[in-house]
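# Observations on the model geometry
The primary structure of each chain is shown beneath.
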Amino acid sequence: MYPIRLFINGEWRDGSGGETIDIVNPATGGVVGTVAVATRADLDDALACAEKAFSEWSGTSAFDRYKLLRKAADLLRARTEDVARLITIEQGKPLGEARLEIGLAIDVIDWCAEEARRTYGRVIPARLSKVRQVLLHEPVGPVAAFTPWNFPVSQLARKLGAALAAGCSIIAKASEETPASAAAIFQIFADAGLPAGVANLVFGVPADISGYLVPHPVIRKISFTGSVPVGKHLAGLAGSHMKPATMELGGHAPVFVFDDTDVEKTAATMTMSKFRNAGQVCVSPTRFLVQDGIYDEFVERFVAGAKAIRIGNGLDADTVMGPVVSERRLTAIDALVQDAADKGARVLTGGRRHSNQGSFYEPTVLADLSTEMRIMNEEPFGPLALICRFSDIEEAISEANRLPYGLASYAFSRSQKRVDALMQNVKAGMMTVNHLGIGQPETHFGGVRDSGYGSEGGPEAVEAYLVSKFVTIDPTA
Ligand code: NAD
């Protein structure tokens, strides 16, 4: 992997301090490249470019922005194999999943392109017939965006696509753990003809970069995807400088499995969903709340599914689950499992690292859980499934709402009455019933409560980068 550099003012450059961070392949533990560290001077350059480029880009017609985004989506489509390989090498997910992630990113960019042409304002009938009243939507200004390592391309596409569609310039800090695939996306936008300085990419010490960019007067909007504690910190910083923010944070998704569902099909669907990207997904199903009548059968089928998962290097064609992203995450996951086991949880399968090379953790299923265990309260963000038994729906809803999170929720039942009760009472930003339907570009994507605010899907994804201006005119004066 070539050295990954900063992208400022349309050029790739080293950090002015000369420092770099190693990029590690989590499947081997080996160093596969380096990424440049931005200094304060580099950030100042990026800010100056983003400010200058904003006046040009915000003046570009919506139709021209649409055409450029469509071109970038086409280029990404053509480069899918190369970018997928980068994702797998630096992040670990199987190549097939990496291709799917790129497919989503392409869809997102296409959606944002189309939405660029629909940032309609309004004409408001005035109280005096001679007066004209309009509401205009304008790009909010230069954006600071922070993207994580679990979906290094599609998470970036959500922020970059929406900001550019709205007419904003952007400085993105992508994850230092997965910089190569992020860099490939910036090269694609440059090749599509994006003017220099409109989109800038930096890496470095995350807290230093956000601590400088978020309060900086040039930056007018913050978007962050990551953990709840960091999100709360950045939201506070943004709030104290009166800057709007989109916060896409963690969750601890409940899965309601009622006794009137097709157990075989549900267990198969959820095994696949749980262990996708080794569970490192913000909407990953986590607390499986399974009704008495089918509990034993569900557990048996789910555990059999987990045991059958083929673990390996994501570059191997028959791998179903790759490593977790780093030793840091592996240690954190294992600590949660050990805490649960010490407090009486039953490890039905997994519960330990797999192989001494790379950061592989076995697909793990736990039962006999209690709310004193850390794992029942903290987002596991790994290949861990927690299976709990319930008898009546009130009990299940109460457990689902016990935690302060509110991102995704899942339900399986043929009863409209039960589904309706869940729709009305579960505190979550998204709910998918009897199938897996969360995450398309055209649908809402966001949480409530500690899981954050704002949406990175649907028309709201682009609206988040716009401000409103009301104008009233007496043309006869
Ligand atoms: P972390 O909180 O250290 O980092 C998460 C992400 O935020 C990383 O990309 C990191 O570079 C960035 N980050 C950290 N501190 C920052 C700061 N002060 N300013 C700006 N960016 C900052 O956690 P981690 O160990 O990398 O990942 C584990 C946790 O992160 C998980 O429990 C999960 O909740 C969360 N996470 C969530 C998502 C998501 O899709 N919502 C994605 C990745 C990680």
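Fair warning: this is a prediction, and the values are worked out from it, not measured in the lab.

Quick notes on the rules
Residues numbered from 1 in each chain as written. Predicted model: local features only at pLDDT ≥ 70, side-chain atom pairs only at ≥ 80, totals over all residues. Heavy atoms only, no water. Pairing = 2+ DSSP bridges. Helix = DSSP H or I, 4+ residues; strand = E, 2+ residues; numbered from the N terminus. Axes fitted to C-alpha atoms, helices over the stretch in contact; angles between N-to-C directions. Contact = heavy atoms within 4.5 Å. 1 Å grid on protein atoms, 1.4 Å probe; cavity = no way out; pocket = protein on both sides within 12 Å on 5 of 7 lines; lining within 4 Å. Points joined across faces, edges and corners; volume = space filled by probe spheres on them. Nonpolar A, V, L, I, M, F, W, Y, C, P; charged D, E, K, R; others polar. Salt bridge = Lys/Arg side-chain N within 4 Å of Asp/Glu carboxyl O. Near = heavy atom within 4 Å. Polar contact = N/O pair within 3.5 Å; in protein donor to acceptor, adjacent residues only side chain to side chain. Areas by Shrake-Rupley, 256 points an atom, 1.4 Å probe, with all protein chains shown as cover. Expected span 1.5 Å × (residues − 1). Buried < 20%, exposed > 50% of the residue type's maximum accessible area, 1.4 Å probe, protein only. Disulfide = S-S within 2.5 Å. Parallel < 35°, antiparallel > 145°, perpendicular 65-115°, else oblique. Left-handed = near helix turned anticlockwise from the far one by under 90°.

## As for the pairing of strand 6 (residues 132-139)
- Two elements, strand 5 (residues 122-123) and strand 6, share two bridges in a ladder whose sense is antiparallel. Bridging across to strand 6, V123 finds its partner in V134.
- Judged from the eight bridges that link them, strand 6 and strand 20 (residues 466-473) form a sheet pairing that is antiparallel. Across the sheet, the residue bridging to E138 is V467, located in strand 20.

## Description of the sheet that holds strand 13 (residues 285-291)
- The mixed open sheet is built from seven strands, whose spatial order is 14-15-16-13-12-17-18. Of all the strands in the sheet, just strand 14 (346-349) and strand 18 (430-433) have a single pairing partner and so form its edges. Direction aside, neighbouring strands of the sheet carry axes that sit 25 degrees apart on average.
- As judged from the three bridges shared by strand 14 and strand 15 (residues 364-367), these two strands associate in the antiparallel manner. The partner of T349 across the bridge, within strand 15, is V365.
- Contacts from helix 11 (residues 327-342) reach strand 14, strand 15 and strand 16 (384-390), with the element oriented near 25 degrees to strand 15.

## Quick word on empty space enclosed by the protein
- Using the criterion set out here, one finds four cavities of 30 Å³ or more in the structure.
- Lining the largest cavity are 15 residues; nearest its centre among them are P254, R287, Y405, G406 and K427.
- Contributions of two or more residues to the lining of the largest cavity are made by strand 12 (253-257) and helix 12 (393-402).
- Class assignment of the residues belonging to the lining of the largest cavity gives a composition of nine nonpolar, four polar and two charged.
- Of the volumes computed, that of the second largest cavity is approximately 40 Å³.
- With three residues, helix 4 (residues 95-116) is the largest single contributor of residues to the lining of the second largest cavity.
- When its residues are assigned to classes, the lining of the second largest cavity shows five nonpolar, two polar and two charged.

## Focus on the pattern of salt bridges
- For the structure on display, the rule yields 32 salt bridges.
- In this structure, E297 engages R301 in a salt bridge whose closest nitrogen and oxygen atoms are separated by 2.9 Å. With E297 and R301 both in helix 10 (residues 292-307) and four residues apart, this pair spans about one turn of that helix.
- Of the charged contacts in the structure, one is a salt bridge between D339 and K343, with a shortest N-O distance of 2.8 Å.

## What about the site of the ligand?
- With respect to spatial proximity, 24 residues lie near the ligand, and among them W149, S210, S227, R328 and E379 are the closest.
- Between the ligand and P206, the relevant distance is 3.4 Å, taken from a nitrogen atom to a main-chain nitrogen or oxygen of the residue.
- Considering the ligand on its own, with 790 Å² of exposed area, one finds that the protein chains cover 85% of that surface.
- Listing elements by their share of the shell around the ligand, those giving two or more residues are helix 7 (206-213), strand 10 (221-225), helix 8 (228-240) and helix 11.
- Considering each element in turn, the shell around the ligand owes the most residues, three residues, to helix 7.

## Things to note about the environment of S210
- Relative to the helices and strands, S210 is located in helix 7.
- Sequence separation between S210 and H137 is 73 residues, and the spatial gap between their C-alpha atoms is 27 Å.
- When near neighbours in sequence (up to four residues on either side) are disregarded, S210 contacts F146, P215, L234 and L237.

## Quick look at helix 3 (residues 80-91)
- Its twelve residues place the ends of helix 3 16 Å apart at the C-alpha level, agreeing with the 16 Å of an ideal helix rising 1.5 Å per residue.
- By the criterion of burial, helix 3 is predominantly enclosed, with nine of the twelve residues buried.
- On its buried side, helix 3 packs onto strand 3 (20-24), strand 4 (31-36), helix 2 (62-78), helix 4 and helix 6 (179-191).
- Following helix 3 by one or two positions, G92 adopts a phi angle in the positive range, close to 110 degrees.

## Points about the state of the cysteines
- The full count for this structure, using the stated rule, is zero disulfides.
- With no disulfide of its own, C282 has C112 as its nearest cysteine by sulfur position, at a separation of 17 Å.
- Among the residues examined, C282 registers a relative accessible area of 10% and is labelled buried.

## Some remarks on the environment of T371
- Note on placement: T371 falls in the loop between strand 15 and strand 16.
- T371 has contacts with M376, N377, E399 and R402, leaving out every residue within four places of it along the chain.

## Here we look at the packing of helix 3 against helix 4
- Contact pair helix 3 / helix 4: the axes reach a minimum separation of 8 Å and the direction vectors enclose 120 degrees. Regarding the angle of helix 3 to helix 4, the classification is oblique. In the crossing of helix 3 with helix 4, the sense of the turn from one axis to the other is right-handed. On helix 4, the residues that touch T80, E81, V83, A84, R85, I87 and T88 of helix 3 are L95, A98, R99, E101, I102 and I106.
- Class assignment for the residues of the contact of helix 3 with helix 4 results in seven nonpolar, two polar and four charged.

## Regarding the side chain of S175
- Of note, S175 is situated in the loop between strand 8 (170-173) and helix 6.
- Take S175: its relative accessible area is 6%, and that puts it in the buried class.
- In this structure, S175 is in contact with T147, P148, W149 and F203, ignoring residues within four places of it in sequence.

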